[in-house]
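Fold and contact review
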Amino acid sequence: QQRRGGDYSATQKIRNCKNIKELFEVQRYAEISHFQISFYWNQAAKFISDESECQKIQNNPELLKPLVEKTLTFSNKLRNPRTLAIITHAIAKISFRTGKTIIDSEKLWKVLEGNIVEAAKDETFDSRSCANILWAFAKINRTSHHLFTLMEEKVLFGINDFNSQDIANTVWAYATVRHSSPNLFD
């Protein structure tokens, strides 16, 4: 069965996973589309909240390598703002929670940053996507003057839709990376 976002059965299999091991087993054997890659990252980030699941990644960061590689193979297709926000948020959460750098992290962040910058030229970013992207970059202390400047435009455009959490995350992100933004904060 097909639906927006890819194959329903693969999405359901991802949703039914109970831990990291099951998630990576599904990834190994299921056909993954670029629509589903953000769902994998999101599920992995949820599992990391459990201490025993977090330790699995701490003890063996290589477990994430297939997911990183699959994400990189889809790099030219990852342009949707919400997808990019989910992936960046999940990667930052996993990196921070485990205290480990994700395999090929620099390459992955460069691809995501480039895709966000490209998407920011044409796409509309909702308030949550803006806040999550900015939070993710700041959480891992990744500064990108270009990205933060482009996202400033998106934030200003949609500022009336920001809730208190979106505002807090955005202000925290700009302060953390020390990116000056008089248009936002003066």
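Notes on the structure in this doc start here. (Residues numbered from 1 in each chain as written. Predicted model: local features only at pLDDT ≥ 70, side-chain atom pairs only at ≥ 80, totals over all residues. Heavy atoms only, no water.)

A few words on the nonpolar core. Core analysis: the largest hydrophobic core is formed by 56 residues, its most contacted members being Trp41, Leu147 and Met151. Broken down by element, this core gets its largest block of residues, eight residues, from helix α3 (residues 37–48). When near neighbours in sequence (up to four residues on either side) are disregarded, methionine 151 contacts Ile116, Phe125, Cys130, Ile133, Leu134 and Tyr174. (Core = buried A, V, L, I, M, F, W, Y, C linked by side-chain atoms within 4.5 Å. Buried < 20%, exposed > 50% of the residue type's maximum accessible area, 1.4 Å probe, protein only. Helix = DSSP H or I, 4+ residues; strand = E, 2+ residues; numbered from the N terminus. Contact = heavy atoms within 4.5 Å.)

One number sums up the size of the second largest pocket: a volume of about 190 Å³. Among the elements that make up the lining of the second largest pocket, the one with the highest residue count is helix α2 (residues 20–29) (six residues). The residue makeup of the lining of the second largest pocket, split by class, is four nonpolar, one polar and five charged. (1 Å grid on protein atoms, 1.4 Å probe; cavity = no way out; pocket = protein on both sides within 12 Å on 5 of 7 lines; lining within 4 Å. Points joined across faces, edges and corners; volume = space filled by probe spheres on them. Nonpolar A, V, L, I, M, F, W, Y, C, P; charged D, E, K, R; others polar.)

Scanning the model with the defined rule gives three aromatic pairs in all. For the ring pair phenylalanine 148 and tyrosine 174, a centre distance of 5.1 Å and an interplane angle of 90° mean the geometry is edge-to-face. Of this pair, phenylalanine 148 sits in helix α9 (residues 145–158) while tyrosine 174 sits in helix α10 (residues 164–176), and the two are 26 residues apart along the sequence. In this structure, phenylalanine 148 and tyrosine 174 share a single accessibility class: buried. Ring geometry for tyrosine 174 and phenylalanine 185: centres 5.7 Å apart, planes at 70°, overall edge-to-face. Remark: phenylalanine 185 occurs in helix α11 (residues 182–185) and tyrosine 174 occurs in helix α10; sequence separation between them is 11 residues. Within the aromatic cluster, the residues linked to one another by ring pairs are Phe148, Tyr174 and Phe185. Positioned above the aromatic ring of phenylalanine 96 is the side chain of lysine 139, whose terminal nitrogen or guanidinium carbon lies 3.7 Å from the ring centre. (Phe/Tyr/Trp six-rings, centres within 6.5 Å; stacked < 30°, edge-to-face > 60°. Lys NZ or Arg CZ within 6 Å of the ring centre and 35° of its normal.)

In total, this model carries eight salt bridges according to the counting rule given. For the salt bridge of glutamate 118 with lysine 121, the shortest nitrogen-to-oxygen distance reads 3.0 Å. Residue glutamate 118 and its partner lysine 121 are both found in helix α7 (residues 105–122); the two are separated by three residues, about one turn of the helix. Its relative accessible area of 52% is what places lysine 121 among the exposed residues. A network of salt bridges, in which partner residues are shared, links Glu106, Glu113 and Arg142. (Salt bridge = Lys/Arg side-chain N within 4 Å of Asp/Glu carboxyl O.)

What follows is about the packing of helix α8 (residues 127–139) against α10. Taken N-terminus to C-terminus, the directions of α8 and α10 make an angle of 35°; their axes are 8 Å apart at the nearest point. Considering how the two elements wind past one another, α8 and α10 form a crossing that is left-handed. For the pair α8 and α10, the contacting residues are Ser127, Arg128, Ala131, Asn132, Leu134, Trp135, Ala138 and Lys139 in the first and Asp166, Asn169, Thr170, Trp172, Ala173, Tyr174 and Thr176 in the second. (Axes fitted to C-alpha atoms, helices over the stretch in contact; angles between N-to-C directions. Left-handed = near helix turned anticlockwise from the far one by under 90°.)

Time to look at the environment of histidine 179. As for its position among the elements, histidine 179 is in the loop between α10 and α11. The spacing of histidine 179 and phenylalanine 148 is 31 residues in sequence and 7.3 Å in space, taken between C-alpha atoms. Once residues lying within four places of it in the same chain are set aside, the contact partners of histidine 179 are His145, Phe148, Thr149, Glu152 and Tyr174. Engagement of the side chain of histidine 179 in a polar contact is seen with the side chain of threonine 149, the distance being 3.5 Å. (Polar contact = N/O pair within 3.5 Å; in protein donor to acceptor, adjacent residues only side chain to side chain.)

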